[in-house]
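Now for the letters of each chain:
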Amino acid sequence: MTWTVAPEPYDSPAAAALWRAYYTEVSDRWYLFHEGHRTDPDELEREVAARTGAELAPPTGQLLLARYDGRPAGTAGVRLLDAATAELTRVFLHQELRGRGGATLLVTAAEDAARALGARRMILDTRSDLVEARTLYARLGYEETARHNDDPYAEHWFTKPLD
């Protein structure tokens, strides 16, 4: 079985399906941890529709899609915040494919995409309950830093120089 990672339009059917899977998982994890129930289906539909991913389109962004043995498996998005800073977002792999090297390939490809956009550093945010993500970012050289946005769900902020 092999991995491939390539740019993908943010609104392609494969990207849309992976966005839905990503948002469902992170939203359900938050609600289960904090309120003891899964995401309300109406809220899920509103949020999936409202967050199209258009900011991940060229020329200032890029969505990358990982395939495992040809099947859509995960995503990573990059968007320029300013001339030197890119944000890493929507890093996701289907749960059954985790632990097989795909996340590292996705993040590395996203770093390359950020460099191609002119970025010299990458930033990201995540939550405390996303332990796997925090472990991945630390392993790949991201360092925890001060808050850099006002996302109400973010609890950890990371940065990494890209030069």
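See the structure printed just above.
### Considering helix H3 (residues 102-116)
At 3.6 residues per turn, the α-helix brings residues three or four places apart onto the same side.
Argument step 1. A rise of 1.5 Å per residue sets the reference length of H3, with its 15 residues, at 21 Å; its end C-alpha atoms lie 21 Å apart and thus fit the reference within 8%.
Argument step 2. Looking only at H3, the buried set comprises Gly102, Leu106, Val107, Ala109, Ala110, Glu111, Ala113 and Ala114.

### Remarks on the packing of aromatic side chains
Argument step 1. Throughout the structure, instances matching the rule amount to eight aromatic pairs.
Argument step 2. On the basis of an interplanar angle of 85° and a centroid distance of 5.3 Å, the ring pair of Trp30 and Tyr153 is categorised as edge-to-face. Placement of Trp30 in helix H1 (residues 13-35) and of Tyr153 in the loop between strand E6 (143-145) and strand E7 (156-161) is noted, with a sequence separation of 123 residues between them.
Argument step 3. For Trp30, a relative accessible area of 19% gives the class buried.
Argument step 4. Relative accessible area serves as the criterion here: at 38%, Tyr153 is assigned to the partly exposed category.
Argument step 5. Each ring, one from Tyr137 and one from Phe158, has its centre 6.1 Å from the other, and the planes form 55°; the classification is tilted. Here Tyr137 is found in helix H4 (residues 131-139), whereas its partner Phe158 is found in strand E7, with 21 residues between them in sequence. Here the two residues Tyr137 and Phe158 agree in accessibility, since each one is buried.
Argument step 6. Through a chain of ring-to-ring contacts, the aromatic side chains of Trp19, Tyr22, Tyr23 and Phe92 assemble into a single cluster.

Cut-offs used in this document
- All residue numbers refer to position in the chain's written sequence, counted from 1.
- Selection of residues for local features in this predicted model requires a pLDDT of at least 70, selection of side-chain atom pairs for listing and counting requires 80 or more, and totals for whole chains, interfaces and linings are taken over all residues.
- Side-chain numbers here rest on the full set of heavy atoms in the structure, without hydrogens or water.
- Only DSSP runs of H or I covering at least 4 residues are called helices, and only runs of E covering at least 2 are called strands; the numbering of each starts at the N terminus.
- Given the number of residues in a helix, its expected span is that number minus one, multiplied by 1.5 Å.
- Summary of the burial criterion: residues with accessible area below 20% of their type's maximum are buried, those above 50% are exposed, and those between are partly exposed, where the area comes from a 1.4 Å probe applied to protein chains only.
- When the centres of two rings from Phe, Tyr and Trp lie within 6.5 Å, Trp using its six-membered ring, the rings pair. Their planes under 30 degrees apart give stacked, over 60 give edge-to-face, and anything left gives tilted.

Any functional reading would require information beyond the geometric quantities listed.
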